[in-house]
Amino acid sequence: QYLCPVIEDNKIKQKKPKIQMKRDVRRAANIKDTAEVLGVSTSLVQKSLSATRRNEAVIEVFMEISERKNLLLEEVKKLIPFN
């Protein structure tokens, strides 16, 4: 009957809230440290970790830095009681 469609609902559709991923500060620091040690860009380190690029040296250095920092953090926690 109508020449143009009738608008049934004049409400503005609300966008669904997107789930925001929190930035992992420790991982970002480890990526930066790895890049500095090897003399490469942080982008190359990120790509190597996400398997976009294949670079075993980057992965080895990243894992070593991560493990050492975790050990250091655990030793500090043993020395300083947080209770």
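Structure's up top.
Rules and cut-offs
- Residues numbered from 1 in each chain as written.
- Predicted model: local features only at pLDDT ≥ 70, side-chain atom pairs only at ≥ 80, totals over all residues.
- Heavy atoms only, no water.
- Helix = DSSP H or I, 4+ residues; strand = E, 2+ residues; numbered from the N terminus.
- Buried < 20%, exposed > 50% of the residue type's maximum accessible area, 1.4 Å probe, protein only.
- Contact = heavy atoms within 4.5 Å.
- Areas by Shrake-Rupley, 256 points an atom, 1.4 Å probe, with all protein chains shown as cover.
- Expected span 1.5 Å × (residues − 1).
- Polar contact = N/O pair within 3.5 Å; in protein donor to acceptor, adjacent residues only side chain to side chain.
- Core = buried A, V, L, I, M, F, W, Y, C linked by side-chain atoms within 4.5 Å.
- Axes fitted to C-alpha atoms, helices over the stretch in contact; angles between N-to-C directions.
- Left-handed = near helix turned anticlockwise from the far one by under 90°.
- Nonpolar A, V, L, I, M, F, W, Y, C, P; charged D, E, K, R; others polar.

Engineer: Tell me about the overall build of the protein, and please be specific about residues and values.
Structural biologist: Within the protein one finds three helices and zero strands. Here the protein, with 83 residues, has 13% of them falling under the buried criterion. Looking at the protein alone, contacts between residues at least 24 apart form 42% of all its contacts between residues at least 6 apart. Counting every atom, the protein has about 8200 Å² of accessible surface; 56% of that belongs to carbon and sulfur.

Engineer: Go over helix α3 (residues 56–79), please, and point to the residues and values.
Structural biologist: For α3, built from 24 residues, the straight-helix expectation of 34 Å at 1.5 Å per residue is met to within 8% by its first-to-last C-alpha distance of 35 Å. Taken together, the buried positions of α3 are occupied by V58, F62, I65 and S66. Where α3 is buried, its residues touch α1 (25–38) and α2 (42–49). With a side-chain oxygen positioned 3.3 Å from the backbone nitrogen of A57, the residue opening α3 is N55.

Engineer: Any chance you could break down the environment of D33 for me, citing the residues and the numbers?
Structural biologist: Looking at the secondary structure, you find D33 in helix α1. For the pair D33 and I65, spaced 32 residues apart in sequence, the C-alpha to C-alpha distance is 7.9 Å. Apart from residues no more than four positions distant in its own chain, D33 is found in contact with I65 and K69.

Engineer: Go over the nonpolar core with me, naming the residues and quoting the values.
Structural biologist: I31, A35, V45, V58 and F62 form the largest nonpolar core, which has five residues in total. Of all the secondary structure elements, the ones that give two or more residues to this core are α1 and α3. Ignoring anything within four residues of it in the chain, the contact list for F62 reads R27, N30, I31, T34 and L49.

Engineer: Go over the packing of α1 against α2 with me, naming the residues and quoting the values.
Structural biologist: At a minimum axis distance of 8 Å, the contact between α1 and α2 shows a crossing angle of 115°. Helix-helix and strand crossings are classified by hand; for α1 and α2 the assignment is right-handed. Contacts from R27, I31, K32, T34 and A35 in α1 reach T42, V45, Q46 and L49 in α2. Grouping the constituent residues of the contact of α1 with α2 by class yields four nonpolar, three polar and two charged.

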